[in-house]
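Examining the three-dimensional arrangement
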Amino acid sequence: MSKHKRRFCLGIDCGGTYLKAGLYDDRGQEYSIERTVLRTISPQPGYAERDLNELWNALIATVNNLLKNSGTHGQQIKGIGISAQGKGLFLLDKNNKPLGHGILSSDRRATEIVHQWQQQGMLEKLYPHTRQTLWTGHPVSLLRWIKDNQPERYNRIDTLMMAHDYLRWRLTGEKGCEESNISESNLYSMNSGAYDPALSMLLNISEVDSVLSRIVGPTEICGEITPQAAELTGLAVGTPVVGGLFDVVSTALCAGLQDEYTLNAVMGTWSVTSGITDQLRTHEPYPYIYGRYVNAGQYIVHEASPTSSGNLEWFTHLWGKMSFEEINAAVHHLPKASSEIFFLPFLYGSNAGLEMTAGFYGLQSSHNRGHLLQAVYEGVIFSHMTHLQRMLERFTKTQTIRVMGRPAHSKVWMQMFADISNLPVELPQVKETGCLGAALAALVGIGIYKNFTEAQENLAYVTYTLEPDRDSHPAYLNKINKYQLIIESLRGFHSQCNSLNTHGERGI
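Residues numbered from 1 in each chain as written. Predicted model: local features only at pLDDT ≥ 70, side-chain atom pairs only at ≥ 80, totals over all residues. Heavy atoms only, no water.

The protein has the name Carbohydrate kinase in an unreviewed UniProt entry, where Xenorhabdus littoralis is given as its organism. As stated in UniProt under Sequence similarities (unreviewed entry), the record for the protein gives "Belongs to the FGGY kinase family." (UniProt positions renumbered as here; feature names shortened; annotations may be inferred.)

Below, the structure written as structure tokens:
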């Protein structure tokens, strides 16, 4: 078959750092990928925003480059899916114009509101219905902040969406909120599978009920490429676009999760540990986050925080650019768990308390950059272990963990994960899980496969397995226990700081 007769599905992934677009054949084999860096705007500390017109222009440029560089015509693309980071808030006004910048899930402006809700027992009221915790980057937290601080903007809201909903609308002119993503908004009842006005009323944002778009499934066709979008992107008019996926769901799908014997760890901007179940449980040891999965009757369960490889990117940008190969060599050169340096990977948020921030502890003049890099590697995994250990209490039959994300391409980092977790770590060799997952949604949506299970069965990729080093596990266990002691001590520090702020200065 000539390359001009081949047919593809287009998978788009809108992440925290890049917008990516990939072409995939009927078996999910990658044909070509293009990437564009996305700008995060931080006008004030704790803010994380995105210019929506810039985002749309990034999509136009990325798709144009993909078609040009791969020698592909728009008519060869038979379906399109979009995967994107979850939560955050993307708003349109009554004229379908962006209502300010989009707000990303890592935004922390609503911290005080979340504190207030916690003190009011709001989590206990919401969780039985939504199966969500309270987070500063949830749509509801951001909506309440806008209502309290920007009432004029709040009153102009006409459409509420998340990232992939916005891009799908720009391509098709059709509005919708994709279910795997909107199900984790705290506006959606996991019990009824629909929006629940009682939730928005409880949070004092009931005005938004009228601006919520219809809920669409991941494989449901939600519009076709418009003539305007076709002219800008090179895609063909009428190409169907499906609902798409929350990127955590997309990664779990690419990792092949189907039962409770395997967990998926994602190491990207966020540290995420996910599992698949067919039941909503009560009286669990932790308030696990649930979301709708791609198969009917199934849920994705996950623990997450923005405490992952973004910390390494910050470090290498600030302290001297190094290639990934150089970083791995520097860490590999050092004995395992030998340094007394600790790194708290809380640059973009924390899983140890809203007030917790990042930092190194234990530095001495004898340490070099390699020791700092080793501490970052360890700190990211120590933080991830908080989530993994909780998930292991929920998924007691777990035998292996499959890791996805850029760190999964580092044997040094992944061996450290195996040694610390004391579990075999499987590394599916999938380059772009967001793009592939979105393309799989399109393949199912246009009828190439009858469901995701059939699509997964037709995927062919290599999976490497790393066994834990039992000899190094005790040293890592000792160090992670010390890491937890530092966190507990800092909780006391922040508590005393809050007391000082409330009651004034203490005498010396």
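Next comes the rest of the write-up.
**Overview of the UniProt feature "domain: Carbohydrate kinase FGGY N-terminal" (unreviewed entry) in the protein**
The positions that UniProt labels "domain: Carbohydrate kinase FGGY N-terminal" (unreviewed entry) are, in the present scheme, residues 9–254. With 36% helix and 23% strand, the stretch residues 9–254 has end C-alpha atoms that lie 16 Å from each other. (Helix = DSSP H or I, 4+ residues; strand = E, 2+ residues; numbered from the N terminus.)

**Some details on empty space enclosed by the protein**
A full pass over the atoms with the stated rule returns 1 cavity of 30 Å³ or more. Its volume calculated, the largest cavity comes out at about 40 Å³. Forming the boundary of the largest cavity are Val403, Met404, Gly405, Ala408, His409, Pro428, Gln429 and Val430. Across the lining of the largest cavity, the residue classes break down as 5 nonpolar, 3 polar and no charged. (1 Å grid on protein atoms, 1.4 Å probe; cavity = no way out; pocket = protein on both sides within 12 Å on 5 of 7 lines; lining within 4 Å. Points joined across faces, edges and corners; volume = space filled by probe spheres on them. Nonpolar A, V, L, I, M, F, W, Y, C, P; charged D, E, K, R; others polar.)

**Notes on helix H1 (residues 52–70)**
For H1, spanning 19 residues, the distance from its first C-alpha to its last is 27 Å, which sits close to the expected 27 Å at 1.5 Å a residue. All of the buried residues along H1 are Leu52, Leu55, Trp56, Ala58, Leu59, Ile60, Thr62, Val63, Leu66, Leu67 and Ser70. Backbone nitrogen of Asn53 and a side-chain oxygen of the N-cap are separated by 3.0 Å at the start of H1; the cap is Asp51. Directly beyond the C-terminal end of H1, a positive phi value near 65° is found at Gly71. (Expected span 1.5 Å × (residues − 1). Buried < 20%, exposed > 50% of the residue type's maximum accessible area, 1.4 Å probe, protein only. Polar contact = N/O pair within 3.5 Å; in protein donor to acceptor, adjacent residues only side chain to side chain.)

**Some remarks on the pairing of strand E18 (residues 289–292)**
Side chains of E18 alternate between two faces, with Ile289 and Gly291 and Tyr290 and Arg292 buried alike. Relative to strand E19 (residues 299–305), E18 runs antiparallel, the two being bridged by 4 bridges. Bridge assignment links Tyr290 to a residue of E19, and that residue is Val301. (Pairing = 2+ DSSP bridges.)

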